[in-house]
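Breakdown of the fold
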Amino acid sequence: MIYLDSAATVPMRKEAIDAYAEAAEKAFGNTQSLHDAGSAAAEYLASCRKLWGQFLNVRPDGIYFTGNASEANQLSIRSLLRGRPRKCRTIVTTKLEHASVLTVLHELEKEGYKIDWAPVDQFGRVDMETFKTKVNEDTALVIMQLVNSEMGAVQPVEECARIANGFGVPLHSDIVQGLGKLPVDIGSWGVTSAACSAHKIGGPKGVGIAYINPSVHWESVYEGTTHQQGFRAGTIDVPGIVSATIAAKHAVSEQPHAYEHARQLQDYVLEHLPEGVVLTGNIATKSPFIQGLILPHVEGQWMMLACNRHQIAISTGTACKIGSGEAMSAMLAMGTESDAARKFVRISFNKNTTESDVEAFLQVVERSLTDQTHETARHNH
């Protein structure tokens, strides 16, 4: 199968699988136990925290491990909000956030928070002039994703954090589609909290990574939890975390090379786009790993099935949003008509994607569009 859905997930790296097996044998203890087996597991955990601190350029004591990035997003957002003054009830964000963030915002709205949506331009980038007017000392939290998972828009997170920090407002960033692909430096950007995912970078599914700046006040969502300073309940999955950390180590070291490779594939897509197909986003500023395409007269779902018949895996947007109509939210926020949004497909790359993989996909699109045109002409005739 030709796999062009890397933004959804990628295969585990061999090194990550080996690391999992080794840690499962050697570090099976409960990190909270006071005997030697527990201490050995706790040492593995401490090493992993230290490495994640290096990957993100942050303090290791601000690193927490969760069951996935969706949980990392939701726990970070709620923990920070619980630590904010009572009068701060407005959250500033955009409609391009991942489904896990949009879901928690929907819940918070019911709990009495006001969600202030900052507009984005037709390329999906936040309008900074308007953003600046929305943030003040009464803002509870700013949420700004680094890379959008539909068409790869990259937000000016560092600039947003600087504005938020100027008012003493924390900024949370979902960096899932950024880590290992773009240069990421949470520490120098001034980001208060962040969420990462292991399975997007060749680690195991079921491991999310959250960071909260230890110097910022937050409160636990779970009363009386002892694990991970109360951030998340439950026995810690040390082998999963070790595996995730090894995957991240490789992803971060390969990042510059992987980026250059993805950029070349993006150029190839641009040069060979079938007639009538539109590439979304701004080539100059977006992530080259994610290509959102709007087809001229074919529904995205139909094209996805056509590709699948040719053993090519693509998607019609974020897997977490399918069926909930939220794949639309990003496109509509960018001013795309809902009719055009239904004709959206996404291909996404990893370091092993080849030019011939992309070529095979473009040929299927070309043929399918031609067939559909003939079919339509025949009906009209």
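In what follows, the accompanying structure is described. Numbers given to residues run from 1 along each chain, matching the order in which its sequence is written. With pLDDT at 70 or above as the cut-off, local features in this predicted model cover only qualifying residues; side-chain atom pairs require 80 or more to be listed or tallied, and sums for whole chains, interfaces and linings still use all residues. Hydrogen atoms and water are omitted, and side-chain values are computed over all heavy atoms in the structure.

When two rings of Phe, Tyr or Trp (its six-membered ring) have centres within 6.5 Å they constitute a pair, described as stacked for plane angles under 30 degrees, edge-to-face for angles over 60, and tilted for the intermediate range. Within the structure shown, the criterion is met by four aromatic pairs. Both rings, one in Tyr-64 and one in Trp-218, keep their centres 5.7 Å apart while their planes meet at 75°; by these two values the pair is edge-to-face. Taken together, the residues Tyr-64 in strand S2 (residues 63–66) and Trp-218 in the loop between strand S8 (208–212) and helix H8 (238–271) connect sequence positions 154 residues apart. Their ring planes at 25° and their centres at 4.7 Å tell us that Tyr-64 and Phe-231 sit as a pair that is stacked. You can see Tyr-64 sitting in strand S2 and its partner Phe-231 sitting in the loop between S8 and H8, a full 167 residues away along the chain. Phe-231 carries the same exposure label as Tyr-64, and that label is buried. Among the aromatic side chains, those forming a connected cluster through ring pairs are Tyr-64, Trp-218 and Phe-231. A ring has a charge above it when a Lys NZ or an Arg CZ is no more than 6 Å from the ring centre and no more than 35 degrees off the ring normal. Stacked on the ring of Tyr-113, the Lys or Arg Arg-89 has its end atom at 4.0 Å from the ring centre. Against the face of Phe-289 rests Lys-181, its NZ or CZ located 5.9 Å from the ring centre. The helix count covers DSSP runs of H or I at least four residues long, the strand count covers runs of E at least two residues long, and both are numbered beginning at the N terminus. Exposure is judged per residue with a 1.4 Å probe applied to protein chains only, and the accessible area is read against the type maximum: over 50% gives exposed, under 20% gives buried, and values in between give partly exposed.

Moving on: the sheet that holds strand S7 (residues 193–197). Being paired, for any two strands, means DSSP has found at least two bridges between them. Here seven strands make up an open sheet; going across it, the order is S2-S8-S7-S6-S5-S3-S4 and the pairing mixed. Since the sheet does not close on itself, it has two edges, and those belong to S2 and strand S4 (114–117), each with one partner. Neighbour-to-neighbour, the strand axes of the sheet open up by a mean angle of 20°, direction not taken into account. Across three bridges, the pairing between strand S6 (residues 171–174) and S7 is parallel. Each residue of the ladder has a partner; that of Asp-174, found in S7, is Ala-195. Contacts: residue pairs with any heavy atoms within 4.5 Å of one another. Lines fitted to the C-alpha atoms define the axes, with helices restricted to the stretch that makes contact. Angles between their N-to-C directions range from 0 to 180 degrees. With respect to the sheet, helix H6 (residues 157–166) is in contact with strand S5 (139–143) and S6, its orientation differing from that of S6 by roughly 160°.

Once that is clear, we can look at the pattern of salt bridges. For this analysis, a salt bridge means a side-chain nitrogen from Lys or Arg found within 4 Å of a carboxyl oxygen belonging to Asp or Glu. Taken as a whole and judged by the stated rule, the model has 17 salt bridges. Here Asp-18 ties to Lys-14 by a salt bridge, and the two come within 2.8 Å at their closest N and O atoms. Of the two residues, Asp-18 and Lys-14 both sit in helix H1 (residues 14–26), four residues apart, roughly one turn of that helix. Beyond isolated ion pairs, a larger network of salt bridges with shared partners links Glu-299, Asp-339, Arg-342 and Lys-343.

On to helix H3 (residues 69–82). Its 14 residues give H3 an end-to-end C-alpha distance of 20 Å, which sits within 8% of 20 Å, the value for a rise of 1.5 Å per residue. In terms of burial, H3 is largely enclosed, as 11 of its 14 residues are buried. One fewer than the residue count of a helix, multiplied by 1.5 Å, yields its expected span.

Let us look at the pairing of strand S3 (residues 90–93). Every other side chain in a regular strand lies on the same face of the sheet, so the side chains alternate between the two faces. Examined bridge by bridge, S3 and S4 share four bridges and lie parallel to one another. If you follow Thr-93 over to S4, its bridge partner there is Trp-117. The path from the first strand over the helix to the second decides the hand: if it runs clockwise while the strands point away from the viewer, the crossover is right-handed. Crossover connection from S3 via helix H4 (residues 99–110) to parallel S4: handedness right-handed. As paired elements, S3 and S5 share three bridges and run parallel to each other.

All right, on to the sheet that holds strand S9 (residues 278–279) then. The strand order S9-S10-S12 describes an open sheet built from three strands, whose pairing is antiparallel. The sheet is open, and its two borders are formed by S9 and strand S12 (344–348), each paired with just one other strand. In the sheet, S9 pairs with strand S10 (residues 290–294) via two bridges, with the strands oriented antiparallel. By the bridge assignment, Val-278 is partnered in S10 with Ile-294.

Attention shifts here to unusual backbone geometry. Where the residue is not glycine, phi is negative for most of them; where a peptide bond is considered, it is trans in most cases. The backbone of Gln-228 shows a phi angle near 45°, a positive value even though the residue is not glycine. Its location among the elements puts Gln-228 in the loop between S8 and H8. Unusually for a residue other than glycine, Gln-311 sits at a positive phi of about 60°. Residue position: Gln-311 is located in the loop between helix H9 (300–309) and strand S11 (312–313).

Assignment of secondary structure puts Lys-343 in the loop between helix H11 (338–341) and S12. Here a polar contact means two N or O atoms within 3.5 Å. Within protein one must be a hydrogen donor candidate and the other an acceptor candidate, and residues neighboring in sequence count only if both atoms are side-chain atoms. Only 3.3 Å separates the side chain of Lys-343 from the side chain of Asp-339, close enough to count as a polar contact. Excluding anything up to four places from it in sequence, Lys-343 contacts Leu-293, Ile-294, Leu-295, Pro-296, His-297, Val-298, Glu-299 and Gly-300.

So, on to the packing of helix H2 (residues 36–56) against H8. When two helices pack together, their arrangement is given by the angle between the helix axes and by the axis-to-axis distance. With their axes 10 Å apart at the nearest point, H2 and H8 run at an angle of 25° to one another. Between H2 and H8, the angle falls in the class roughly parallel. Our pair here, H2 against H8, has a crossing hand that is left-handed. Facing H2, whose interface residues are Ala-41, Tyr-44, Leu-45, Cys-48, Leu-51, Trp-52 and Phe-55, H8 presents Val-238, Ile-241, Val-242, Ala-244, Thr-245, Ala-248, Lys-249 and Val-252. For this classification, the nonpolar set comprises Ala, Val, Leu, Ile, Met, Phe, Trp, Tyr, Cys and Pro, the charged set comprises Asp, Glu, Lys and Arg, and every other residue, Gly included, is treated as polar. Classifying every residue of the contact of H2 with H8 by side-chain character gives 13 nonpolar, one polar and one charged. Put simply, angles under 35 degrees are roughly parallel, angles over 145 are roughly antiparallel, angles from 65 to 115 are roughly perpendicular, and the rest are oblique. Here a crossing is called left-handed whenever its near helix is offset anticlockwise from the far helix by less than a right angle, and right-handed whenever the offset is clockwise.

Moving on, we come to the nonpolar core. We define the nonpolar core as a collection of buried residues of types Ala, Val, Leu, Ile, Met, Phe, Trp, Tyr and Cys that are connected through side-chain atoms lying within 4.5 Å of one another. One finds Trp-52, Leu-56, Phe-131, Leu-171 and Ile-186 to be the most contacted residues of the largest nonpolar core, which totals 56 residues. Residues in contact with Leu-56, not counting those within four places in the same chain, are Ile-63, Ile-175, Leu-179, Val-184, Asp-185, Ile-186, Gly-187, Cys-196 and Tyr-211.

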